[in-house]
Amino acid sequence: MSTKTDTPPATFIDEGAIITALIGGARADAGRVREILAKASEAHGLELAEVAALTTISDPDLLAELFATARAIKEDIYGRRLVLFAPLYISNLCENDCLYCAFRVRNKELKRRALTQDEIRHEVEILVDQGHKRVLLVAGESYPQQGFQYVLDSVASIYEVKRGNGEIRRVNVNVAPLTLDEFRALKATGIGTYQLFQETYHRETYSKVHLGGRKRDYDWRVTAMDRAQASGIDDVGIGVLFGLFDWRFETLAILQHIQHLEETFGVGPHTISMPRLEPAVGSDIASQPPHPVSDLDFRKIVAILRLAVPYTGMILSTREGPSLRRESFAMGISQISAGSRTNPGGYTDDTVADMEQFQLGDHRTLDEVIRDVAQMGYIPSFCTACYRLGRTGADFMDLAKPGEIKHHCDPNALSTFLEYLEDYGSPETVAEGEQLIAETLASMAERERSTSNKLIAQVRAGRRDCLV
Ligand code: SAM
Ligand code: SF4
């Protein structure tokens, strides 16, 4: 087993600066916190010291003000859209030994399986028939005999599936860090976002929980997004596995990572993911996280990141239960997974439990999640327009920052939601959804309403994939 740790040290995560900022932040009084909230409400982002001060808020009034500021920014930038996706686990083979994950090499309780291309297409058919348009391909860090080509073939298989009006229009990928050449090959398959979580930015904790395999190399992992960007993948998603180390430290480290990408490539990550440790077969620390993150702290993380990086999307997975998901939508979450399975082949056979990566907190179907989201007044969106019209990386941010992107997102959200209702919605969801579409149109500015009405008329006339 390789324990290679030979990547030159990355210096952009500066633990000393994080600790100093946290010590300084703890001294911020209510007046200082309110100054920071006022600055944040201009939606130009925050500095490390300011974010540090927000992490120390415990006073109920200040907390309420923090959450209200996050709500206002989210509403202003993202409106009431929520993009939906499904993870697709293609393989649970893995040569690493991450103490928190059921896929780790030393877990003998797990049945190993890598789906064949036929099996992958079958899983995708099921997702397409549910109405999904975006999948996140996930795999452990060890591939069948084709090596990394397996991942490339799998992306192609997903895009191949066509069922009536349905198809997957965007494949995002969450696989182990790649070389520059592998990233170039991955880009050539037409992926959307390359996603990778650092798990913990704290080096000492990182080395304690990653015991074997290539993943032991902190620097190889933390520099993955630099290689992705250098290969031309300008849409990247970062994240932390909350529960391994102090959430305040991790939140500041996320900001340092973002600042590094912005300084080096002129664009930060497209998304941040925020999984919390969930129980996993064969893992003790997954059930008893060393630094548990309470629901209140989790809401603080969502709110603080919304203020710190207003234009970065935030992803919540099915790991969280329905009630926490609801609260976090209001404060900053822009994408959610729904109807998920975390075992390879789990959509084809959902009775198999001894292959899954971790246990899920939300077992509802896509249709149930959509109905719930619509009842809360959020527009479930299956939009994939930006990536397919080439609005990625810096081009996307140039539209997002002056608020222009809204003119595209809201009409596209409504038209893709209507596609879902027409092709896959249950009668109850259709009733709920049509009412939401009518209310949303009525409340829109003239320009968006006119664009939305055109797209909606096209969808009602049977056209699909109408984009602006
Ligand atoms: N093997 C690749 C890697 O480690 O980056 C990609 C796939 S891995 C299955 C995807 C993510 O699952 C990991 O980055 C980790 O954050 C998350 N994960 C692992 N075990 C988990 C657990 N017990 N609870 C919640 N998330 C977990
Ligand atoms: Fe393998 Fe990824 Fe799980 Fe680690 S987190 S054991 S690398 S699948």
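For the structure, see preceding data.
In short, a report on the structure. (Residues numbered from 1 in each chain as written. Chains lettered and ligands numbered in written order. Predicted model: local features only at pLDDT ≥ 70, side-chain atom pairs only at ≥ 80, totals over all residues. Heavy atoms only, no water.)

In this structure the tally under the stated criterion is eight aromatic pairs. Taking 5.2 Å as the distance between ring centres and 80° as the angle between the ring planes, the aromatic pair formed by F245 and F249 counts as edge-to-face. The exposure classification of F245 matches that of F249, with both residues buried. For the ring pair F382 and Y420, a centre distance of 5.6 Å and an interplane angle of 15° mean the geometry is stacked. Placement of F382 in the loop between β11 (379–381) and α16 (385–388) and of Y420 in helix α18 (residues 406–423) is noted, with a sequence separation of 38 residues between them. Each of the two residues, F382 as well as Y420, counts as buried. Cluster of aromatic residues (ring-pair linked, three or more members): F382, Y420 and Y424. Cation over ring: R214 sits above W220, and NZ or CZ is 4.0 Å from the ring centre. Stacked on the ring of W220, the Lys or Arg R227 has its end atom at 3.6 Å from the ring centre. (Phe/Tyr/Trp six-rings, centres within 6.5 Å; stacked < 30°, edge-to-face > 60°. Buried < 20%, exposed > 50% of the residue type's maximum accessible area, 1.4 Å probe, protein only. Helix = DSSP H or I, 4+ residues; strand = E, 2+ residues; numbered from the N terminus. Lys NZ or Arg CZ within 6 Å of the ring centre and 35° of its normal.)

We now examine the site of ligand 2. Close to ligand 2 lie C94, N96, C98, Y100, C101, F103, R104, G140 and K215, which account for all nearby residues. Residues belonging to the shell around ligand 2 are distributed by class as follows: five nonpolar, two polar and two charged. (Near = heavy atom within 4 Å. Nonpolar A, V, L, I, M, F, W, Y, C, P; charged D, E, K, R; others polar.)

A word on helix α2 (residues 30–40). Here α2 has its buried residues at V33, I36, L37 and A40. Here the buried residues of α2 occupy an arc of 100° about the axis, which is enough to place them on one side. Check the buried side of α2 and you find it contacts α3 (48–55), α4 (60–78) and α13 (295–308). (Arc of directions from axis to C-beta. Contact = heavy atoms within 4.5 Å.)

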